[in-house]
Amino acid sequence: MSTLAERILGAPAGSFVDRPVDRAFVHDGTGVLTLEAWRRMERDRLACPERLSILFDHIAPANNSTTAALQAELRTFAAEQGLHFSDVGGGICHQLMSEGIVRPGEVVVGADSHTCTLGAFGAFATGVGATDMAAIWASGSTWFRVPATIGVHLDGTLQGAAEAKDIALDYVRRIGMDGGTYMALEFLGEGVRDLSMESRLTIANMAVETGAKAGMFYADDTTARSLAAYGIHTAPQAIEACHYDREITLDLDDLVPLVAAPHRVDNGRPVAEFEGIALDEVFVGTCTNGRHSDLARVAAIVAGRKVAVRTIVVPASRAVLLRAAQSGVLTTLIEAGCTIGPPGCGPCLGAHMGVLGEGEVGLSTANRNFRNRMGVGADYYLCSPATAAASALRGAITAPEGSA
Amino acid sequence: MILQGRAVCLGADVDTDLIIAGRYLRTKDRRVWAEHVFEDLDPALAARMEGAVILAGTNFGCGSSREQAPVALREAGVAGVIAPSFARIFFRNAINVGLPVVECGGVRCSNDAPVSFSPDEGWVEAGGERCTATPLSGRMLDILAHGGLVEYWRAQQ
Ligand code: SF4
């Protein structure tokens with residue numbers, strides 16, 4: 001009996017396998033090096049252009065003319081080769097791949113570490129570097145070491161103000177920043193049933209923060225319903241009894257909103273312990289928490305009030321932005337004083353649109369709080385959209401209403 | 001294959017943002033990455049990279065998949081990186097760009113002391129002590145011997 005990773009890769013944990021990839025994508029950052037390496041390989045054509053995507057999100061729109069020139073080169077290449085391409089304003093690569101592209105059982109590689117997000121669909125999705133990606137462009141396949149798996153059991157149901165992000169911060173703190181290195185995480189148990197597709201994407205997204213290669217959910221009715229909205233019909237994946245290297249259990253009934261303090265993602269502790277820390281900025285967005293349900297949660301909390309600190313909201317994709325416009329969420333956020341950025345990564349990687357200054361303190365719904373990442377000399381904390389919204393209203397870290 | 005250099009000691013969980021900051025990524029000029037390597041960790045480190053063997057703590061290279069991180073180290077003249085464990089994307093990227101990396105726990109590091117190591121035989125020698133390391137797989141050694149995955153691929157044609 002196999003784990004989901006073993007089943008998809010078709011070999012037991014520990015084996016080295018060569019596998020064709022079903023989807024492969026790069027963004028404006030990693031695409032530049034990929035293209036350069038691919039050209040140096042001196043291949044005259046791409047092995048599988050129909051399976052490749054180039055999706056601009058990291059510094060999109062460009063912040064200066066150097067970036068613009070690099071992007072122009074990739075844009076031209078995508079057009080020449082007829083690749084699936086998303087230009088500035090389209091949104092974050094992982095989000096776009098989740099909007100009706102990736103399917104259960106596929107092998108998905110992205111030249112970005114958070115490619116594990118797409119494991120939410122029951123795919124084997126993992127990040128690779130630019131040169132590995134260039135070899136995939138050239139050959140259509142790559143090698144994997146089939147990972148051993150940590151079974152993460154979710155018991156019970158989320159209570160009060162706790163959200164999917166708190167589940168993510170909780171398993172990262174339990175497993176630790178390198179406790180999952182070379183492994184896959186499999187999320188199981190009754191607690192999974194109630195989790196929406198968006199919640200599963202948030203949870204799978206942070207698998208790499210434990211060092212894991214993949215974070216996977218078995219496809220079920222929720223998966224099928226979410227893909228059916230894009231006209232894709234899929235069957236559920238049966239869960240087999242199998243061997244896990246380790247197992248941990250999270251009791252969702254007892255989970256409270258968490259905050260990960262600088263500068264480690266596995267520093268999660270109850271919000272109450274940080275209550276009152278003054279903030280210079282709140283950022284809501286990223287491939288972790290920039291989806292419509294996240295924006296709607298923030299809007300519900302700030303509705304009719306004003307944020308007390310600069311609050312930057314960046315939708316994960318154009319579809320999210322459009323839906324927020326149609327649902328009224330956008331109006332509520334703007335009226336509350338939030339600044340809306342164009343779909344993409346926003347300030348997450350510290351390049352533009354909301355980078356923090358020396359000595360400033362930020363609170364963000366992103367997945368990494370590494371030293372200097374979102375601003376040299378700044379401190380920033382990670383949290384859920386609800387905690388971000390409650391804190392934005394007060395200008396200081398605040399537990400969302402309904403927290404135990 | 002025996003490689004050697006002077007030890008540079010670093011701690012655990014050195015992430016790729018610390019190896020090369022996001023603000024330097026938008027260029028193809030590799031010298032820029034070499035000049036700014038480890039800038040946010042310790043600006044004095046860049047000058048010590050030529051001929052260095054980095055002896056780091058666990059989980060070296062965690063974080064983003066940016067390949068500029070191992071390229072920056074290689075361009076700066078680093079002979080190799082030794083750590084008890086590496087983040088997997090960094091490890092793979094390092095081999096792909098021709099930077100020798102070896103998993104080895106228990107090496108005692110003293111800055112500037114000579115270090116030698118063998119990625120194929122699987123050992124590291126520092127401060128007069130020899131520690132056993134995990135040897136690299138045949139394919140990884142082959143890629144390293146060619147100077148990286150691009151050169152390896154060209155040789156396969
Ligand atoms: S939103 Fe942040 S973590 Fe996600 S892909 Fe963009 S830069 Fe990376």
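Residues numbered from 1 in each chain as written. Chains lettered and ligands numbered in written order. Predicted model: local features only at pLDDT ≥ 70, side-chain atom pairs only at ≥ 80, totals over all residues. Heavy atoms only, no water.

This part is about the overall build of chain B. When its secondary structure is counted, chain B shows 6 helices and 7 strands. Scanning chain B from its N terminus toward the C terminus, one meets helices and strands in the order β-α-α-β-α-β-α-β-β-β-β-α-α. Computed over the C-alpha atoms, the radius of gyration of chain B is 14 Å, within 12% of the 15 Å expected from 2.2 N^0.38 for a compact globule of 157 residues. Counting only C-alpha atoms and orienting by the principal axes, one finds that chain B spans roughly 45 × 40 × 25 Å. Out of the 157 residues in chain B, the part that is buried amounts to 62%. Counted over contacts in chain B with a minimum sequence separation of 6, partners at least 24 positions apart contribute 65%. (Helix = DSSP H or I, 4+ residues; strand = E, 2+ residues; numbered from the N terminus. Rg over C-alpha atoms; globule rule 2.2 N^0.38 Å. Buried < 20%, exposed > 50% of the residue type's maximum accessible area, 1.4 Å probe, protein only. Contact = heavy atoms within 4.5 Å.)

In this section: the domain arrangement of chain A. Where interface size is quoted, it is often the accessible area lost as the parts come together. All names here are of chain A. With domains assigned, chain A is organised as domain 1 (16–143), domain 2 (149–254) and domain 3 (258–394). A straight line from the C-alpha centre of domain 1 to that of domain 3 covers 27 Å. Each side of the interface is counted separately: domain 1 has 18 residues, and domain 3 has 19 residues. Between domain 1 and domain 3, roughly 1400 Å² of surface is buried when both sides are summed, and carbon and sulfur atoms account for 59% of that area. Counting the surface domain 1 buries against domain 3, the share from its top three residues, Ile 92, Gln 95 and His 114, is 35%. (Domains from an automatic or database assignment. Buried area = accessible area lost by both parts, 1.4 Å probe.)

This paragraph deals with the packing of aromatic side chains. Centre-to-centre distance and the angle between the planes together describe a pair of aromatic rings. A full pass over the atoms with the stated rule returns 13 aromatic pairs over all chains. Relative to A:Phe144, the ring of A:Phe124 lies with its centre 5.6 Å away and its plane at 85°, an arrangement referred to as edge-to-face. Of the two residues, A:Phe124 is situated in strand S6 (residues 124–127) and A:Phe144 in strand S7 (residues 141–145); the sequence distance between them amounts to 20 residues. We note that A:Phe124, like A:Phe144, is buried. Centroid distance B:Phe60 to B:Phe90: 5.3 Å. Interplanar angle 80°. Geometry classified as edge-to-face. Of this pair, B:Phe60 sits in the loop between strand S2 (52–55) and helix H3 (68–75) while B:Phe90 sits in helix H4 (residues 88–96); the two residues are 30 residues apart in sequence, bridging distant segments of the chain. Neither residue differs from the other here; B:Phe60 and B:Phe90 are each classed as buried. One aromatic cluster in this structure is built from B:Phe60, B:Phe86, B:Phe90 and B:Phe91. Note that A:Arg145 overlies the ring of A:Tyr182, its terminal NZ or CZ placed 4.9 Å from the centroid. (Phe/Tyr/Trp six-rings, centres within 6.5 Å; stacked < 30°, edge-to-face > 60°. Lys NZ or Arg CZ within 6 Å of the ring centre and 35° of its normal.)

Right, let's get into the pattern of salt bridges. The tally for this structure, following the rule as stated, stands at 30 salt bridges over all chains. For A:Asp132, the salt bridge identified is with B:Arg92, shortest N-O distance 2.6 Å. Of this pair, A:Asp132 sits in helix H5 (residues 130–139) while B:Arg92 sits in helix H4, each in a different chain. The residues A:Asp132 and B:Arg92 share a single accessibility class, namely buried. (Salt bridge = Lys/Arg side-chain N within 4 Å of Asp/Glu carboxyl O.)

This part covers the pairing of strand S15 (residues 310–313) of chain A. Residues and elements named next belong to chain A. Here 4 bridges tie strand S14 (residues 281–284) to S15, and the two strands are oriented parallel to one another. Looking at the pairing, Phe 283 lines up with Ile 312 of S15. When S15 meets strand S16 (residues 339–340), the two strands line up parallel, connected through 2 bridges. Across the sheet, Val 313 pairs through a bridge with Ile 340, a residue of S16. (Pairing = 2+ DSSP bridges.)

All names here are of chain A. An order of S4-S3-S2-S5-S6 is seen for the 5 strands of this open sheet, with the pairing classed as parallel. Because the sheet does not close on itself, it has two edges, and the strands there are strand S4 (84–86) and S6. Across the sheet, the mean angle from the axis of one strand to that of its neighbour is 15°, orientation sign disregarded. The pairing of strand S2 (residues 23–27) with strand S3 (residues 52–55) spans 4 bridges and is parallel. When the bridges of S3 are listed, His 27 appears paired with Leu 55. Along the sheet, helix H2 (residues 28–40) makes contact with S2 and S3, crossing S2 at roughly 105°. Contacting S2, S3 and S4, helix H3 (residues 65–81) runs over the sheet at an angle of about 150° to S3. (Axes fitted to C-alpha atoms, helices over the stretch in contact; angles between N-to-C directions.)

A separate point is the site of the ligand. Residues and elements named next belong to chain A. For the ligand, the full set of nearby residues is His 58, Ile 92, His 94, Asp 112, His 114, Thr 286, Cys 287, Cys 345, Cys 348, Asn 367 and Arg 373. Here the shell around the ligand is built from residues that sort into 4 nonpolar, 5 polar and 2 charged. Residue-level mapping places the shell around the ligand at the junction of two domains, with at least three residues from each of domain 1 (16–143) and domain 3 (258–394). (Near = heavy atom within 4 Å. Nonpolar A, V, L, I, M, F, W, Y, C, P; charged D, E, K, R; others polar.)

The full count for this structure, using the stated rule, is 1 disulfide over all chains. There is a disulfide in this structure between B:Cys9 and B:Cys109, and the S-S distance comes to 2.0 Å. On the sign convention where negative is left-handed, the bridge of B:Cys9 and B:Cys109, at about -85° about the S-S bond, is left-handed. Of this pair, B:Cys9 sits in strand S1 (residues 3–9) while B:Cys109 sits in the loop between strand S4 (101–103) and strand S5 (114–118), and the two are 100 residues apart along the sequence. Given a relative accessible area of 30%, B:Cys109 falls into the partly exposed group. We note that A:Cys93 lacks a disulfide partner, and the nearest cysteine sulfur, in A:Cys345, lies 6.4 Å from it. (Disulfide = S-S within 2.5 Å.)

All names here are of chain A. Along the chain, Leu 83 turns up in the loop between H3 and S4. Here Leu 83 falls in the buried class, since its relative accessible area comes to 8%. Each C-alpha atom, one on Leu 83 and one on Glu 50, is 6.6 Å from the other, the two residues being 33 residues apart in sequence.

Moving on, we come to the nonpolar core. Formed by 92 residues in total, the largest nonpolar core has its most connected members in A:Trp137, B:Phe38, B:Ile54, B:Phe60, B:Leu73 and B:Phe90. Here this core takes 7 residues from H5(A), the largest share from any one element. The two domains that each donate at least three residues to this core are domain 1 (16–143) and domain 2 (149–254) of chain A. If near-sequence neighbours (up to four positions away) are discounted, B:Leu73 is found in contact with B:Ile19, B:Val37, B:Phe38, B:Ile54, B:Phe60, B:Val78, B:Val81, B:Phe90 and B:Leu99. (Core = buried A, V, L, I, M, F, W, Y, C linked by side-chain atoms within 4.5 Å.)

The partner chain B presents 39 residues to the 47 residues of chain A that form the contact. For the pair chain A and chain B, the two sides together bury roughly 3800 Å², of which 52% comes from carbon and sulfur. Taken together, chain A and chain B are joined by 8 salt bridges. The partner of B:Arg30 in a salt bridge is A:Glu36, and the shortest N-O contact between them spans 3.1 Å.

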